[in-house]
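Examination of the molecular architecture
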Amino acid sequence: MPFSKNILCIGAGYVGGPTMAMIAYKCPQYKVTVVDINPKRVAEWNSDDLPIYEPGLDEIVKSTRGSNLFFSTEIERGIKEAEIIFVSVNTPIKSYGVGAGMAADLQYWEKTASQIRNCAESHKIIVEKSTLPVKTALAMERILTSQENDTHFDVLSNPEFLAEGTAIKDLEDPDRVLIGSRETPSGVKARDELVEIYANWVSNERIITSNIWSSELSKLVANAFLSQRISSINSITALCEKTEANITEVAKAVGMDSRVGNKFLHASVGFGGSCFKKDILNLVYLCRHYGLDEVANYWEGVVRINEYQKERFVLNILSAMFNTLAGKKICLFGFAFKANTGDTRESPAIFIAKKLMKEKAEIVITDPEALNNARIDLDGIEGKISYIQDPYEASDGCHAIAVMTEWEVYTGLNFEKIYRSMVKPAFIFDGRNILDHKRLFNIGFNVFPIGKPPLTHF
Ligand code: NAD
Ligand code: UGA
């Protein structure tokens, strides 16, 4: 049976892979191809060992791959065959030239746009899936139409709101799908075609449409609001530690106001992940570009508090452990930026491991999924580091444990056994407030949560 649509996605990453797998899974009538310039990544998508860990992803890929889902490096062919092309390439922070450290690096995105222009032989709908600065669609349109030919392109913005670790659930049952378009007859027609794809499994009231600039900006603002909540609660942890207030109690009291809501108020060692920091800094850069310094400074504060929180965590460890970490063994429980992913991009654990090593501590890292990435992140760093999968073995002979990631497995460990194997006095710094602190204290640990009074035997 011929497929009713040919869909292409350029970029087989954390977004491109799962998003397209979900479309293929929900829409067997469409052919979905995901292409990437990285042959290793494509080979992994075609293997039994997918390049990313995401609960539920394996099953969906296995049930569609080879039927209506394909991973390939043949980008030109893919462009020629597709009617709809999603662009999901990486848009990291620019590390050079004007806007270094703030602006989005659009080199991958621009190469893709030029490649589409050069290969396309018929009308295409181009969908921005990557997170981009507002007004990028205009640049995309200019690149696509910069060559004399009859090919017509419609550019849409369809930002992705999935979170890692819950990507499959988020894709299957999204809070909303946002589609921005030009308000021309051709733009509206293209938008309706994309709506039709999502309508295969998402209810109409959750598919919202807007003008293209609102859509681009909404993605940056959504991430800014989410990270602002974390920085807000984290800023209060510092005050709790000075005043004997308890951040869990404060967050509960504040979050039960239905106007505030209780989500994303979990105090932590700081937020990580590939997007929050880059997207806020991008927003800040855009505001400065438009001369809106007050607005830029306001949002930049969210990132500053996050840096402060990570720094503060290390200083708390140092001060609790008698102001010297030299030669002491510290076990990091978790290295991923959050639970249920092997992703370590911008993980607070990277910053903390490096800082602890500057204090000449020896580091032992344990994580159920992220040890390979941890090795890459800390490659070449001076000092002693070991990577041990089993948390009991990892903490054996250590002076302290620092919880970096909220993996559920850590809450069910036998801490009596762990305590017996550690150097005394034994410390636990719970950077995620996931452990039973009173119980740990009763076992003999000196316990330092975030935003709560410490429980010590001194
Ligand atoms: P990623 O780095 O995992 O994947 C991007 C892929 O694009 C890489 O495999 C890379 O090889 C490929 N690529 C780069 N240039 C290419 C080109 N010219 N042709 C073909 N392939 C090319 O990135 P990601 O995490 O999937 O993020 C992609 C975009 O989605 C970013 O803009 C990000 O901000 C946004 N986003 C990410 C998440 C997330 O949870 N990771 C969520 C929502 C939105
Ligand atoms: C985030 C957003 O939640 C997604 O909607 C968005 O699509 C995505 O960024 C993106 O654009 O890349 P993600 O970074 O995968 O998703 O994960 P989150 O669950 O948002 O967590 C981000 C960080 O904040 C993690 O380090 C997490 O541990 C931390 N966090 C989260 C807290 O410290 N406290 C909280 O209450 C919630």
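Criteria and cut-off values
Residues numbered from 1 in each chain as written. Chains lettered and ligands numbered in written order. Predicted model: local features only at pLDDT ≥ 70, side-chain atom pairs only at ≥ 80, totals over all residues. Heavy atoms only, no water. Near = heavy atom within 4 Å. Polar contact = N/O pair within 3.5 Å; in protein donor to acceptor, adjacent residues only side chain to side chain. Areas by Shrake-Rupley, 256 points an atom, 1.4 Å probe, with all protein chains shown as cover. Patch = residues over 30% accessible without salt bridge, like charges linked within 9 Å, V, L, I, M, F, W, Y side chains within 5 Å. Salt bridge = Lys/Arg side-chain N within 4 Å of Asp/Glu carboxyl O. Helix = DSSP H or I, 4+ residues; strand = E, 2+ residues; numbered from the N terminus. Buried < 20%, exposed > 50% of the residue type's maximum accessible area, 1.4 Å probe, protein only. Nonpolar A, V, L, I, M, F, W, Y, C, P; charged D, E, K, R; others polar. Axes fitted to C-alpha atoms, helices over the stretch in contact; angles between N-to-C directions. Left-handed = near helix turned anticlockwise from the far one by under 90°. Contact = heavy atoms within 4.5 Å. Phe/Tyr/Trp six-rings, centres within 6.5 Å; stacked < 30°, edge-to-face > 60°. Lys NZ or Arg CZ within 6 Å of the ring centre and 35° of its normal. Disulfide = S-S within 2.5 Å. Pairing = 2+ DSSP bridges.

With respect to spatial proximity, 26 residues lie near ligand 1, and among them Asp-36, Arg-41, Thr-91, Thr-131 and Lys-278 are the closest. One of the backbone N or O atoms of Tyr-14 is found 3.0 Å from an oxygen atom in ligand 1. Residue Thr-112 places a side-chain N or O atom 3.4 Å away from a nitrogen atom belonging to ligand 1. In the complex, the protein chains occlude 92% of the 830 Å² of accessible area that ligand 1 would expose alone.

Taken together, the side chains of Tyr-290, Leu-292 and Val-295 make up a nonpolar region of the molecular surface, amounting to roughly 280 Å² of accessible area. Locating Val-295 in the fold gives a position in helix 12 (residues 293–320). Taking the relative accessible area as the measure of exposure, Val-295 reaches 36% and is therefore partly exposed.

Time to look at unusual backbone geometry. Backbone torsion omega between Lys-424 and Pro-425 reads -5°, so that peptide bond is classified as cis. As for its placement among the helices and strands, Pro-425 is situated in the loop between helix 16 (415–421) and strand 13 (427–430). Here Lys-135, not a glycine, exhibits a phi torsion of approximately 90°, which is positive. Within the fold, Lys-135 resides in the loop between strand 5 (124–128) and helix 6 (136–144). Exposure remark for Lys-135: the relative accessible area of 37% places this residue in the partly exposed category. The phi dihedral of Lys-360 is positive, around 70°, even though this residue is not glycine. Residue placement: Lys-360 occurs in the loop between helix 13 (348–358) and strand 10 (362–366).

As a further point, take the site of ligand 2. Taken together, 20 residues sit near ligand 2, with Phe-161, Leu-162, Ser-268, Cys-275 and Arg-432 positioned nearest. A distance of 2.8 Å separates a nitrogen atom of ligand 2 from a polar atom in the backbone of His-266. Considered on its own, ligand 2 offers 700 Å² of accessible surface; in the complex 89% of this is hidden by protein. When residues in the shell around ligand 2 are grouped by element, the largest group, four residues, is from helix 9 (residues 212–243). Across the shell around ligand 2, the residue classes break down as eleven nonpolar, four polar and five charged.

Quick look at the packing of helix 5 (residues 107–119) against helix 6 now. Relative to each other, helix 5 and helix 6 sit at 35°, their axes nearing to 9 Å. The chirality of how helix 5 crosses helix 6 is right-handed. Facing Trp-109, Glu-110, Ala-113, Ser-114, Ile-116 and Arg-117 of helix 5, the residues of helix 6 in contact are Thr-136, Ala-139, Met-140, Ile-143 and Leu-144. Partitioned by chemical class, the residues of the contact of helix 5 with helix 6 number seven nonpolar, two polar and two charged.

Turning next to the packing of aromatic side chains. Scanning the model with the defined rule gives 14 aromatic pairs in all. These aromatic residues form a ring-pair network of at least three members: Phe-322, Phe-427, Phe-429, Phe-448 and Phe-458. Over the ring of Trp-213 we find Lys-135, and its NZ or CZ is 4.2 Å from the ring centre. Note that Lys-417 overlies the ring of Tyr-392, its terminal NZ or CZ placed 4.3 Å from the centroid.

Attention shifts here to the state of the cysteines. Under the defined criterion, the tally for this structure stands at zero disulfides. There is no disulfide at Cys-119, and the cysteine sulfur nearest it, in Cys-9, is 16 Å away. On the accessibility criterion, Cys-119 (6% relative accessible area) is buried.

So, on to the sheet that holds strand 12 (residues 400–403). Pairing is parallel across the open sheet formed by six strands, whose spatial order is 11-10-9-12-13-14. If you trace the sheet from one side to the other, it starts and ends with strand 11 (385–387) and strand 14 (446–449), each paired once. Neighbouring strand axes in the sheet, compared pairwise and without regard to direction, differ in orientation by 15° on average. Two strands pair when backbone bridges link them, and strand 12 and strand 13 are joined in this way by four bridges, in the parallel orientation. Counted as the bridge partner of Ala-402 is Phe-429 from strand 13. Packed onto the sheet, helix 12 meets strand 9 (329–333), strand 12, strand 13 and strand 14 and runs at close to 165° relative to strand 13.

Coordinates in, geometry out; function isn't part of it.
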